[in-house]
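Listed below are the residues making up each chain.
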Amino acid sequence: QVQLVESGGGLVQAGDSLRLSCAASGRTFNQYTMGWFRQAPGKEREFVAAISGNGVNTYYADPVKGRFTISRDNAKSTVYLQMNSLKPENTAVYYCAATIYTTYPLATTEAYAYWGQGTQVTVSS
């Protein structure tokens, strides 16, 4: 069982940066692939980024490549999402998720068994 708690969301202006954090419980954090998803009002939850358990492999959705960076600190059981050059269309609730899978399509919500409660990110124009 893994419990996830996101933090770091807020209201920012277009072009600003924001770093989200997701703290995980449990002693086997490095065995989980971690992902970030987001859900805008009226839209389905969509994949943003994922990172392997050892932090070596990272995956990004095309719209965020070059602007967002996912990282993790296994000693702190925490995964981060650094978001730069934010745009109004990035406004959404951002969710952290964990999965034991390494080869299952990581861009799908079905791959993840554990989810945080989400943190709101609002980007004003």
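A quick note: this is a predicted structure, and the numbers were derived from the prediction, not measured.

1. So, the overall build of the protein chain
Summing up its helical and strand segments, the protein chain has zero helices and eleven strands in all. Against the 2.2 N^0.38 benchmark of 14 Å for 125 residues, the protein chain shows a C-alpha radius of gyration of 13 Å, consistent with a compact globule. Projected onto the principal axes, the alpha-carbon positions of the protein chain cover approximately 40 × 25 × 25 Å. When each of the 125 residues of the protein chain is scored for burial, the buried share is 44%. The long-range share in the protein chain, meaning contacts at least 24 apart out of those at least 6 apart in sequence, stands at 58%.

2. Some points on the pattern of salt bridges
Here the structure, examined in full by the defined rule, presents two salt bridges. The partner of Arg-38 in a salt bridge is Glu-46, with the nearest N and O atoms 2.7 Å apart. Taking the relative accessible area as the measure of exposure, Arg-38 reaches 7% and is therefore buried.

3. Examining the sheet that holds strand E8 (residues 78–83)
Hydrogen bonding along the main chain pairs the strands of a sheet, whether they run parallel or antiparallel. Sheet architecture is open: four strands sit in the order E1-E3-E8-E7, paired in antiparallel fashion. Of all the strands in the sheet, just strand E1 (4–7) and strand E7 (68–73) have a single pairing partner and so form its edges. On average, each strand axis in the sheet is tilted by 15° relative to the strand beside it, whichever way the strands run. As judged from the six bridges shared by strand E3 (residues 18–24) and E8, these two strands associate in the antiparallel manner. Counted as the bridge partner of Arg-19 is Gln-82 from E8.

4. Some words on the pairing of strand E4 (residues 33–39)
Of all the seven residues making up E4, six are buried; the element is thus mostly covered by neighbouring parts of the structure. Pairing between E4 and strand E9 (residues 92–99): seven bridges, direction antiparallel. Within E9, the residue paired with Arg-38 across the bridge is Tyr-94. Note: E4 against strand E5 (residues 46–51), five bridges, orientation antiparallel. Paired with Met-34 across the bridge in E5 is Ile-51. Following E4, the chain reverses through six residues before pairing antiparallel with E5; Gly-42 in that reversal takes a positive phi of roughly 80°.

5. Notes on the side chain of Arg-67
Here Arg-67 lies in the loop between strand E6 (58–60) and E7. One buried charge, Arg-67, has no salt-bridge partner; the nearest side chain with opposite charge is Glu-89, at 6.5 Å. Those residues in contact with Arg-67 that lie beyond four places of it in its chain are Gln-82, Met-83, Asn-84, Ser-85, Leu-86, Lys-87 and Asn-90.

6. Observations concerning the packing of aromatic side chains
Tallied over the full model, the rule gives five aromatic pairs. Centroid distance Phe-37 to Phe-47: 5.6 Å. Interplanar angle 75°. Geometry classified as edge-to-face. Of this pair, Phe-37 sits in strand E4 while Phe-47 sits in strand E5, placing them ten residues apart in sequence. Phe-47 carries the same exposure label as Phe-37, and that label is buried. Aromatic side chains Phe-37 and Tyr-112 sit 5.1 Å apart centroid to centroid with 80° between the ring planes, which places their arrangement in the edge-to-face category. Of this pair, Phe-37 sits in strand E4 while Tyr-112 is found in the loop between E9 and strand E10 (114–115), placing the two residues 75 residues apart along the sequence. You can call Phe-37 buried: its relative accessible area is 0%. With a relative accessible area of 5%, Tyr-112 lands in the buried category. Cluster of aromatic residues (ring-pair linked, three or more members): Phe-37, Phe-47, Tyr-112 and Trp-115. Positioned above the aromatic ring of Tyr-95 is the side chain of Arg-45, whose terminal nitrogen or guanidinium carbon lies 3.7 Å from the ring centre.

Basis of the calculations
Residues numbered from 1 in each chain as written. Predicted model: local features only at pLDDT ≥ 70, side-chain atom pairs only at ≥ 80, totals over all residues. Heavy atoms only, no water. Helix = DSSP H or I, 4+ residues; strand = E, 2+ residues; numbered from the N terminus. Rg over C-alpha atoms; globule rule 2.2 N^0.38 Å. Buried < 20%, exposed > 50% of the residue type's maximum accessible area, 1.4 Å probe, protein only. Contact = heavy atoms within 4.5 Å. Salt bridge = Lys/Arg side-chain N within 4 Å of Asp/Glu carboxyl O. Pairing = 2+ DSSP bridges. Axes fitted to C-alpha atoms, helices over the stretch in contact; angles between N-to-C directions. Lys, Arg positive; Asp, Glu negative; His and termini not counted. Phe/Tyr/Trp six-rings, centres within 6.5 Å; stacked < 30°, edge-to-face > 60°. Lys NZ or Arg CZ within 6 Å of the ring centre and 35° of its normal.

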